[in-house]
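# Chain and residue survey
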Amino acid sequence: LDSRFVLTIKDSDPDDIIYKARLVILGHRDPEKARVVKEAPNILRASVRLIIALAISLDLELSTRDVIQAFVQSRDFLKRVIIIRTPKNQGIMEMLGAPPNSLLLALKPLYGLPESPGYWWSTLKDYHTRTLKMRSSVMDPCLFYRTSNALEGIQGTFLDDILSAGTSKFVSDE
């Protein structure tokens, strides 16, 4: 599969500009994309409102976070062989020491592959249910909660973004 770099500049502080490059697989050209599972659930709008309302009414700590490089952090390796052609006419690969027209073997889900969101969802669900001992809502699989005598924590996930509300104990367990 072909790939390209998406270049961005993070300039929240004009004195501290950060340049970023993300390798993106051109998955829309994947001849096998019709045969792979490409779905992952996303949080419902009502669930987001519920988390915020509970945080306010129960005086819970409310926070958001973005998981960095989420797809690569997926627990499982890819179940199919994917060979990636390095981007053409971009000097980044040369800066990394790769010769022109190099081929790469993808081992983990990468941005642009049709199945990557599903791999990440599986990892995220496992983290919530096993590590944090949370339960998934029947109405929204992206809404997780943990209770003992009362609500300890509630989280909603949208791919690599997490909205969380919880007690100080829940926040420290995270």
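The preceding data block contains the structure.
What you see is a predicted model; the values in this text were computed from it and never measured.

Attention now moves to the pattern of salt bridges. Counted according to the given criterion, the structure contains nine salt bridges. For R75, the salt bridge goes to D126, with nearest N and O atoms at 3.3 Å. Of this pair, R75 sits in the loop between β3 (61-66) and β4 (82-85) while D126 sits in helix α3 (residues 116-131), and the two are 51 residues apart along the sequence. Judged by its relative accessible area of 38%, R75 falls in the partly exposed class. Among the residues examined, D126 registers a relative accessible area of 21% and is labelled partly exposed. Between R130 and D126 there is a salt bridge, with its nearest N and O atoms 2.8 Å apart.

Before going further, it helps to spend a moment on the environment of L96. Along the polypeptide, L96 turns up in the loop between α2 (92-95) and β5 (103-106). Taking the relative accessible area as the measure of exposure, L96 reaches 64% and is therefore exposed. Sequence-wise, L96 and K133 are 37 residues apart; in three dimensions their C-alpha atoms are separated by 41 Å.

Next up on the list: the pairing of strand β8 (residues 151-158). Burial analysis of β8 places six of its eight residues in the buried class, which makes it a mostly covered element. Direction of pairing for strand β7 (residues 143-147) relative to β8: antiparallel, over a ladder of five bridges. For L143, the partnering residue across the bridge sits in β8 and is G156. What sits between β7 and β8 in their antiparallel hairpin is a turn of three residues. Alignment of β8 against strand β9 (residues 161-166), held across six bridges, turns out to be antiparallel.

Before going further, it helps to spend a moment on the sheet that holds β9. Spatially, β3-β9-β8-β7-β6 is the arrangement adopted by the five strands of the open sheet, whose pairing is antiparallel. Unpaired on one side and paired on the other, β3 and β6 (135-136) mark the two borders of the sheet.

This part covers α3. For α3, built from 16 residues, the straight-helix expectation of 22 Å at 1.5 Å per residue is met to within 8% by its first-to-last C-alpha distance of 22 Å. Among the structural elements, β7, β8 and β9 are those in contact with the buried residues of α3. Where α3 terminates, the next one or two residues include K133, which has phi positive at roughly 55 degrees.

A separate point is the nonpolar core. The biggest cluster of nonpolar side chains holds 14 residues, and the ones touching the most others in it are I51, M134, I154 and A165. Secondary-structure elements contributing two or more residues to this core are α1 (45-57), β7 and β9.

Among the surface-exposed residues, F77, V81, I83, L103, L105 and L107 lie close enough to one another that they form a single nonpolar patch of about 620 Å² accessible area. Judged by its relative accessible area of 38%, I83 is partly exposed.

So, how was this worked out
Residue positions within a chain follow its written sequence, with the count starting from 1. Per-residue local features are limited, in this predicted model, to residues with pLDDT of at least 70; the limit for side-chain atom pairs, both in listing and counting, is 80 or more; totals at the level of whole chains, interfaces and linings are taken over all residues. With hydrogens and water excluded, all non-hydrogen atoms of the structure serve as input to the side-chain values. Salt bridges are defined as contacts in which a side-chain nitrogen from Lys or Arg sits within 4 Å of a carboxyl oxygen from Asp or Glu. A helix here means a DSSP run of H or I that spans at least four residues, while a strand means a run of E at least two residues long, and both kinds are numbered starting from the N terminus. Here the term buried applies to any residue with accessible area under 20% of the maximum for its type, exposed to any over 50%, and partly exposed to those in between, with areas from a 1.4 Å probe on protein chains only. Two strands make a pair as long as DSSP finds a minimum of two bridges between them. Multiply 1.5 Å by the residue count of a helix minus one, and that product is the helix's expected span. It only takes one pair of heavy atoms within 4.5 Å for two residues to be counted as in contact. Here, nonpolar core means buried Ala, Val, Leu, Ile, Met, Phe, Trp, Tyr and Cys residues that are tied together by side-chain atoms lying within 4.5 Å of each other. Like-charged residues are merged into a patch within 9 Å and nonpolar side chains (Val, Leu, Ile, Met, Phe, Trp, Tyr) within 5 Å, provided each residue has over 30% relative accessible area and no salt bridge. Here the accessible surface of atoms and residues is derived via Shrake-Rupley with a 1.4 Å probe, and residues count as covered only by protein chains that are part of the display.

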